[in-house]
Structures are given as C-alpha cells and as structure tokens.
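# Per-entry structural report
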Amino acid sequence: MLEGRPDVVLDFWFKELTPAQWFRKDTTLDATIVERFGTLQASASRAELWLWRRSALGRLAEVVVLDQFSRHMYRDTPEAFANDTMALALAQEAVAQAADRHLDVAWRPFLYMPYMHSESLAIHEEALRLFDQPGLEENLRVEHRHREILQRFGRYPHRNAILGRESSPEELAFLDEPGSSF
C-alpha cells in the first residue's frame with residue numbers, strides 16, 4: 001500500500017504542494033487529499049500507524065495526516081478538529097523524545113502545529129518556546145497571534161459555528177474584522 005508509507009505523505013505535503021496551498025481554502029486540493037489519503041487518515045485516527053513512530057519522519061507524517069489532512073478533508077465540519085487531541089499528544093511525545101531535533105527546521109512547524117491549534121493557553125506557553133528558534137520567525141509571529149486570540153476569548157471564535165458553540169457579541173464583532181480567522 002504505497003499511500004501507507006510516511007515518505008509518501010511527506011513527499012506530497014512538502015514536495016508536491018507549495019506553502020501557499022497548505023493554508024488556502026481549495027476544494028480541489030481537499031478532494032485530492034480525500035482521494036489519495038482518506039483511508040490512511042481513517043487508519044491514523046484509529047491510532048493504527050503506531051509503527052511510524054519509530055522515526056522522526058514517521059512521527060511527523062502521522063501528525064501531518066491527523067492535523068493537516070483532517071482539516072482539508074473535513075473542512076468546515078467538526079471532524080476537521082476531531083483528531084487535534086491525538087495529534088497534540090503525538091507531537092508532545094515527539095518533542096519529549098527530541099524527535100523534532102532530527103527534522104529539518106523547515107519541516108518542524110508541522111510537528112509543532114498541533115500546539116498552535118490547541119485552545120489551551122498552557123499548551124501555547126510551550127508553543128511559544130518551540131517556535132522561538134532560528135528559521136521559524138514567521139511561525140512564531142503566527143503563534144503569537146493565535147495566543148492573543150485565546151487570551152482574549154479563551155477559544156478560537158472562528159470555530160464556534162462549526163462546533164455548534166454560541167458566539168458572544170464580542171466574538172461576533174471580532175469575526176467581522178479582517179484576518180480574524182485562520
């Protein structure tokens with residue numbers, strides 16, 4: 001099963017796609033990820049890729065599948081965030097074992113991204129430390145922006161409608177501002 005190898009995931013994410021594609025809403029790309037990696041993402045969500053955790057690249061690939069592919073595959077639905085806790089736990093384990101230090105600095109942000117996606121300020125304290133390294137300056141700037149939103153609201157308001165949470169008047173006003181959602 002070719003699509004079941006970590007290198008296939010990483011080649012797709014880091015070599016086939018451009019950085020602009022990673023965060024842009026693109027239904028064609030979303031459909032491509034579903035077609036090519038839907039079965040693999042389902043396996044990852046059931047924690048069936050544990051053998052990938054033997055290497056830093058395998059750990060990164062599993063986190064990309066759970067954190068990034070899920071967001072593309074299930075865009076604008078609660079399922080987009082369903083694997084966040086597992087992705088964060090895997091990222092935390094990788095960092096605790098210094099697996100991140102075996103990754104190219106350009107790829108590390110995707111191991112750290114589950115920290116940024118968390119709605120916990122305690123987790124964001126660690127995210128600030130992780131993103132504060134040479135080569136990750138732009139990621140650190142974005143992390144500060146995420147943390148500021150959490151400090152203000154205690155959650156990401158742009159997720160409220162998707163997750164069925166009621167927005168406060170202050171959150172609704174914020175959501176009308178340019179650049180309020182990620």
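Residues numbered from 1 in each chain as written. Predicted model: local features only at pLDDT ≥ 70, side-chain atom pairs only at ≥ 80, totals over all residues. Heavy atoms only, no water.

## Focus on the overall build of the protein chain
A tally of helices and strands in the protein chain yields 10 helices and zero strands. The secondary structure elements of the protein chain, listed N-terminal to C-terminal, are α-α-α-α-α-α-α-α-α-α. Its C-alpha atoms give the protein chain a radius of gyration of 16 Å, near enough to 16 Å, the size a compact globule of 182 residues would have. Oriented by its inertia axes, the alpha-carbon framework of the protein chain measures out at about 50 × 35 × 30 Å. Classification of the 182 residues of the protein chain by burial places 48% in the buried group. Partitioning the contacts of the protein chain with sequence separation of at least 6, the portion at a separation of at least 24 is 60%. (Helix = DSSP H or I, 4+ residues; strand = E, 2+ residues; numbered from the N terminus. Rg over C-alpha atoms; globule rule 2.2 N^0.38 Å. Buried < 20%, exposed > 50% of the residue type's maximum accessible area, 1.4 Å probe, protein only. Contact = heavy atoms within 4.5 Å.)

## Some words on the packing of aromatic side chains
Tallied over the full model, the rule gives 14 aromatic pairs. Pairing Phe153 with Phe174 gives two aromatic rings, centres 5.0 Å apart and planes at 50°, and the pair type is tilted. Residue Phe153 is located in helix α8 (residues 137-153), and its partner Phe174 is located in helix α10 (residues 169-175); the two are separated by 21 residues in the primary sequence. Site record: aromatic cluster; members linked through ring pairs are Phe12, Trp13, Phe14, Trp22, Phe23, Phe37, Phe69, Trp107 and Phe110. (Phe/Tyr/Trp six-rings, centres within 6.5 Å; stacked < 30°, edge-to-face > 60°.)

## What to know about unusual backbone geometry
If you check the backbone angles, Ala47 has positive phi at about 60° while not being a glycine. Note that Ala47 resides in the loop between α3 (27-45) and α4 (56-73). Judged by its relative accessible area of 31%, Ala47 is partly exposed. In this structure, Ala98 is a non-glycine residue whose phi angle is positive, near 60°. Counting through the fold element by element, Ala98 comes out in the loop between α5 (84-96) and α6 (108-117).

## Focus: the pattern of salt bridges
The tally for this structure, following the rule as stated, stands at 17 salt bridges. For Arg75, the salt bridge is made with Asp30, and the minimal N-O distance between the two is 2.7 Å. Within this pair, whereas Arg75 is found in the loop between α4 and α5, its partner Asp30 is found in helix α3, the two being separated by 45 residues in sequence. By relative accessible area, which is 25% here, Arg75 ends up partly exposed. Glu126 is paired through a salt bridge with Arg129; the nearest N and O atoms lie 2.5 Å apart. (Salt bridge = Lys/Arg side-chain N within 4 Å of Asp/Glu carboxyl O.)

## Notes on α6
An α-helix turns once per 3.6 residues; consequently, residues spaced three or four apart project the same way. By the criterion of burial, α6 is predominantly enclosed, with 10 of the 10 residues buried. The set of residues buried in α6 consists of Arg108, Pro109, Phe110, Leu111, Tyr112, Met113, Pro114, Tyr115, Met116 and His117. Next to the buried residues of α6 lie α1 (6-16), α2 (19-23), α4, α5, α7 (121-131) and α8.

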